[in-house]
Amino acid sequence: MFMRFGVLGSGIVGRSIAGKLSELDHEVAIGTRDVEALMARREPDAMGNQPFSEWSKGSPRVRTGTFADISAEAEIVINATAGASSLEALSLAGASNLSGKVLIDIANPLDFSGGMPPTLFVSNTDSLAERIQRGFPEARVVKSLNTVNARVMVEPTQIAKGEHHVFVSGDDGQSKARVSEILQSFGWKHVIDLGGLITARATEMYLPLWLALMSAAKSPMFNIKVVQDQ
Ligand SMILES: NC(=O)c1ccc[n+]([C@@H]2O[C@H](COP(=O)([O-])OP(=O)(O)OC[C@H]3O[C@@H](n4cnc5c(N)ncnc54)[C@H](OP(=O)(O)O)[C@@H]3O)[C@@H](O)[C@H]2O)c1
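A brief look at the structure comes next. (Residues numbered from 1 in each chain as written. Predicted model: local features only at pLDDT ≥ 70, side-chain atom pairs only at ≥ 80, totals over all residues. Heavy atoms only, no water.)

## Quick word on the overall build of the protein
Moving on, step 1. Across its full length, the protein holds 11 helices and 10 strands.
Moving on, step 2. In terms of overall size, the protein behaves like a compact globule, its C-alpha atoms giving a radius of gyration of 17 Å where 230 residues would be expected to give roughly 17 Å.
Moving on, step 3. With 230 residues in all, the protein has 49% of them scored as buried.
Moving on, step 4. For the protein, the proportion of contacts with a sequence separation of at least 24, taken over those separated by at least 6, is 72%.
Moving on, step 5. Within the structure as shown, the protein displays about 11,200 Å² of accessible surface, and the carbon and sulfur contribution to it stands at 53%.
Moving on, step 6. Side chains of the protein carry 22 positive and 25 negative charges; the gap between the two charge centres is 4 Å. (Helix = DSSP H or I, 4+ residues; strand = E, 2+ residues; numbered from the N terminus. Rg over C-alpha atoms; globule rule 2.2 N^0.38 Å. Buried < 20%, exposed > 50% of the residue type's maximum accessible area, 1.4 Å probe, protein only. Contact = heavy atoms within 4.5 Å. Areas by Shrake-Rupley, 256 points an atom, 1.4 Å probe, with all protein chains shown as cover. Lys, Arg positive; Asp, Glu negative; His and termini not counted. Charge placed at Lys NZ, Arg CZ, Asp CG, Glu CD.)

The following block contains the structure:
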């Protein structure tokens, strides 16, 4: 079913998700703080990704706007901003523009201030997703996709033929069901509903293991598979 998506975040995650949604014929716009400043950037980012303006030429159907403008137009909003700045970005998007909407939160609460590897700036008794939900109580926050690399998010069948797992956490069952459908449209075969948004603590706290696995595998192209007794 055709939907209008607003993706907050001009980095590799925002681009990957927006590109996939556009490929699936949804209407999609990427949000940023300042469109002119984003388009004027000429250098690759810290991870070596091409400047946004270059990427944008290859994805002409994906529009670009301010966090507020693209959230106002969207039916579903996706948070793909740096975790430490997500609350700020969502404030710029505007609480009224998020009200009543599914807000898919992909961000991780990573603190790079002490160098690599990053630590978590919230954990155990709280999570970034819960902070977002408390900050924007009218939004329907669903945490998902934060446990995999940007490419795996949108091309899950590229590894192990998609026989691996992704998670959803959220307090609203209907919103989680909608997000699960979107994930299936991306190619995800196995979506585990972990329960309420409180379970986002667990997927966010998986990040130290994800980083260690990436270092051991020397690649971000992996995921975990949950196996059970029959
Ligand atoms: N990279 C991955 O494969 C991966 C995998 C799983 C989860 N994640 C999570 O996904 C999120 C996005 O990651 P990413 O690597 O694509 O991009 P990123 O570099 O972490 O974030 C870029 C976005 O954050 C915004 N931002 C930065 N500082 C801001 C501030 N002070 N106020 C408002 N907005 C600000 C930027 O806005 P402008 O557009 O205005 O510059 C940009 O849109 C992160 O939370 C990350 O932890 C990443």
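## Let's talk about the site of the ligand
Moving on, step 1. Neighbouring residues of the ligand: 24 residues in total, closest Ser 10, Val 13, Thr 32, Arg 33 and Thr 81.
Moving on, step 2. One of the side-chain nitrogen or oxygen atoms of Ser 10 is found 2.6 Å away from an oxygen atom of the ligand.
Moving on, step 3. In the environment of the ligand, an oxygen atom lies 3.1 Å from a nitrogen or oxygen atom belonging to the backbone of Ala 82.
Moving on, step 4. In isolation the ligand offers 900 Å² of accessible surface; the protein chains occlude 79% of this area.
Moving on, step 5. Looking at the shell around the ligand, the elements with two or more residues in it are helix H1 (12-23), helix H5 (86-93) and helix H8 (150-154).
Moving on, step 6. Split into classes, the residues belonging to the shell around the ligand amount to 11 nonpolar, 10 polar and three charged. (Near = heavy atom within 4 Å. Polar contact = N/O pair within 3.5 Å; in protein donor to acceptor, adjacent residues only side chain to side chain. Nonpolar A, V, L, I, M, F, W, Y, C, P; charged D, E, K, R; others polar.)

## What about unusual backbone geometry?
Moving on, step 1. The omega torsion across Met 116 and Pro 117 is -5°, close enough to zero to call that bond cis.
Moving on, step 2. Despite not being glycine, Asp 25 shows a phi value in the positive range, around 75°.
Moving on, step 3. With respect to the helices and strands, the residue Asp 25 is situated in the loop between H1 and strand E2 (27-32).

## Here's the deal with the packing of aromatic side chains
Moving on, step 1. Per the counting criterion, the structure on display carries two aromatic pairs.
Moving on, step 2. With 5.4 Å between their ring centres and 45° between their planes, Phe 52 and Trp 55 make a pair best called tilted. In this pair, Phe 52 and Trp 55 both sit in helix H3 (residues 52-58), three residues apart, roughly one turn of the helix. When sorted by exposure, Phe 52 lands in the same class as Trp 55, which is buried. (Phe/Tyr/Trp six-rings, centres within 6.5 Å; stacked < 30°, edge-to-face > 60°.)

## Some remarks on the pattern of salt bridges
Moving on, step 1. Tallying each qualifying case throughout the model produces 14 salt bridges.
Moving on, step 2. The salt bridge partner of Arg 63 is Glu 73, with a shortest N-O separation of 3.2 Å. Placement of the pair is Arg 63 in strand E3 (residues 63-66) and Glu 73 in helix H4 (residues 67-73), with a sequence separation of 10 residues.
Moving on, step 3. Note on Glu 73: relative accessible area 38%, which makes it partly exposed.
Moving on, step 4. A salt bridge links Lys 176 to Asp 193; its shortest N-O distance comes to 3.0 Å. Remark: Asp 193 occurs in strand E10 (residues 190-195) and Lys 176 occurs in helix H9 (residues 173-186); sequence separation between them is 17 residues.
Moving on, step 5. Take Asp 193: its relative accessible area is 46%, and that puts it in the partly exposed class.
Moving on, step 6. Salt bridges sharing partners connect three or more residues here, namely Glu 27, Arg 63 and Glu 73. (Salt bridge = Lys/Arg side-chain N within 4 Å of Asp/Glu carboxyl O.)

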